[in-house]
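Structural description and commentary
Below are the chains, spelled out letter by letter.
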Amino acid sequence: MQWVALQLDMVWKNKAANHEAVRAFLSKDKPEPGSLVVLPEMFETGFSMDVAETAQSEHREAEGFLRETAKQFDVAILGGIAAPIESGRSRNEAVAFAPDGTELMRYRKRRPFSVTREGEHYVAGDQAVVFEWQGVKIAPAICYDLRFPELFRESVRLGAEAFVVIACWPQFRSEHWVRLLQARAIENLGAVLGVNRCGTEPGLVYDGRSCAFDHLGQPQFEANGEPQIKAAEIDIDELRRWRRRFPALRDMA
């Protein structure tokens, strides 16, 4: 299975501009049909606490855009969105759609970032999610979730073989981003794809570094700080052979 990181320099709170950027990238560098294309956390707006700007209306325009894009390019697509407001708060979610418009997965960020008081604006999720694409069982996570390895263990117990982490992870902590992604691959004997944003937003700089690791923690690619597309293959047969040969998951308490 091929998965594709679309690293964006999101225009702050400009949904139309960010939709157009996604279309332009995929039109210029078309992914293989059947790929899983992954966009960053809150790809429409950047990581803002202003839910009046980030949240979808009841018509769920972001989800409509993802469905249309999946169909147009014959891929599955996963992106970070903000759910419609309920009782004054939104939800920081990852959703994925198949080319036929089927919703493959919906996941809510489980660890809101307390530094920005995210939990006051976005309701935390409470469960792991695993979905299947091209025969691979995949678990999503969002940004700060990456620092909590127990969340990934929950996904493994649900059958996860690969992990997708979407983020708005700033430059001054980006070495943590790369090393934690690698650690999650090694300790869970699974492939990991991390898709970050690049560019700037008020008060923060992002250096991208979207990257992928195989089930041994070996790097497959690492993006620089520019908007770009990167792709990698998951060798699911070799991953499963490694899990059969090496006992770490069988020896979990």
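Above this text is the structure in question.
Read on for a plain summary of the structure. Computed from a predicted model, the values in this text were never measured in an experiment.

Across its full length, the chain carries six helices and 14 strands. Relative to a compact globule of 253 residues, whose C-alpha radius of gyration would be 18 Å, the chain shows 17 Å and is just as compact. The C-alpha extent of the chain, read off along each of the three principal axes, is 50 × 40 × 35 Å. Relative to all contacts within the chain whose residues are 6 or more apart in sequence, the contacts with residues 24 or more apart total 68%. The averaged location of the 37 negative side-chain charges in the chain is 4 Å from the averaged location of its 32 positive side-chain charges.

This part covers the packing of helix α1 (residues 15-28) against helix α3 (residues 61-73). With their axes 11 Å apart at the nearest point, α1 and α3 run at an angle of 10° to one another. Classified by the interaxial angle, the pair formed by α1 and α3 is roughly parallel. Contacts between α1 and α3 involve His 19, Val 22, Arg 23, Leu 26 and Ser 27 on the former and, on the latter, Phe 65, Thr 69 and Phe 73.

Let us now look at the sheet that holds strand β3 (residues 76-82). If you trace the six strands from one edge of the open sheet to the other, you get β5-β4-β3-β2-β1-β14, paired in mixed fashion. Looking along the sheet, the strands with just one partner apiece sit at the ends: β5 (103-108) and β14 (228-233). For this sheet the average axis-to-axis angle between neighbouring strands, irrespective of direction, equals 20°. Strand direction decides the pairing type here: strand β1 (residues 2-7) and strand β2 (residues 36-38), joined by three bridges, are parallel. Pairing of Val 4 across the sheet is with Val 37, part of β2. On the sheet, α3 packs against β3, β4 (92-97) and β5 and is oriented at approximately 165° with respect to β3.

Bringing the packing of helix α4 (residues 149-157) against helix α5 (residues 174-188) into the picture now. Contact geometry of α4 with α5 gives a least axis separation of 11 Å together with a crossing angle of 40°. As far as their axial angle goes, α5 and α4 are oblique. Note on packing geometry: the crossing formed by α4 with α5 is right-handed. Across the interface between the two elements, Pro 149, Phe 152, Arg 153 and Val 156 of α4 pack against Arg 184, Glu 187 and Asn 188 of α5. Taken together, the residues of the contact of α4 with α5 sort by class into three nonpolar, one polar and three charged.

It is worth spelling out the pattern of salt bridges at this point. One pass over the structure, following the stated rule, counts 21 salt bridges. For the salt bridge of Glu 63 with Arg 106, the shortest nitrogen-to-oxygen distance reads 2.8 Å. With Glu 63 in helix α3 and Arg 106 in strand β5, the pair connects residues that are 43 residues apart, well separated along the chain. Between Arg 240 and Glu 161 there is a salt bridge whose closest N-O contact spans 2.6 Å. Pair noted here: Arg 240 is in helix α6 (residues 236-245) and Glu 161 is in the loop between α4 and β8 (162-166), with a separation of 79 residues, a long-range link.

Moving on to the nonpolar core. Counting residues in each nonpolar core, the largest one holds 83 residues, and the members touching the most others are Trp 3, Leu 36, Leu 66, Leu 78, Ile 138 and Trp 177. Setting aside residues up to four positions removed in sequence, Trp 177 forms contacts with Leu 146, Val 165, Ala 167, Trp 169, Gly 194, Val 195, Asn 196, Gly 208, Arg 209, Ser 210 and Cys 211.

What follows is about the packing of aromatic side chains. Taken as a whole and judged by the stated rule, the model has six aromatic pairs. Measuring from centroid to centroid gives 5.1 Å for Tyr 144 and Phe 148, while their planes differ by 85°, and the two rings are edge-to-face. Here Tyr 144 and Phe 148 have matching classes, each one buried. Aromatic pair Phe 152 and Phe 163: ring centres 5.5 Å apart, planes at 50°, arrangement tilted. Note that Phe 152 is positioned in helix α4 and Phe 163 in strand β8, a separation of 11 residues in sequence. Ring pairing ties together the aromatic residues Phe 113, Tyr 144 and Phe 148, which thus form one cluster.

About the criteria used
- Residues numbered from 1 in each chain as written.
- Predicted model: local features only at pLDDT ≥ 70, side-chain atom pairs only at ≥ 80, totals over all residues.
- Heavy atoms only, no water.
- Helix = DSSP H or I, 4+ residues; strand = E, 2+ residues; numbered from the N terminus.
- Rg over C-alpha atoms; globule rule 2.2 N^0.38 Å.
- Contact = heavy atoms within 4.5 Å.
- Lys, Arg positive; Asp, Glu negative; His and termini not counted.
- Charge placed at Lys NZ, Arg CZ, Asp CG, Glu CD.
- Axes fitted to C-alpha atoms, helices over the stretch in contact; angles between N-to-C directions.
- Parallel < 35°, antiparallel > 145°, perpendicular 65-115°, else oblique.
- Pairing = 2+ DSSP bridges.
- Left-handed = near helix turned anticlockwise from the far one by under 90°.
- Nonpolar A, V, L, I, M, F, W, Y, C, P; charged D, E, K, R; others polar.
- Salt bridge = Lys/Arg side-chain N within 4 Å of Asp/Glu carboxyl O.
- Core = buried A, V, L, I, M, F, W, Y, C linked by side-chain atoms within 4.5 Å.
- Buried < 20%, exposed > 50% of the residue type's maximum accessible area, 1.4 Å probe, protein only.
- Phe/Tyr/Trp six-rings, centres within 6.5 Å; stacked < 30°, edge-to-face > 60°.

Everything listed is a geometric property; what it means functionally is a separate question.
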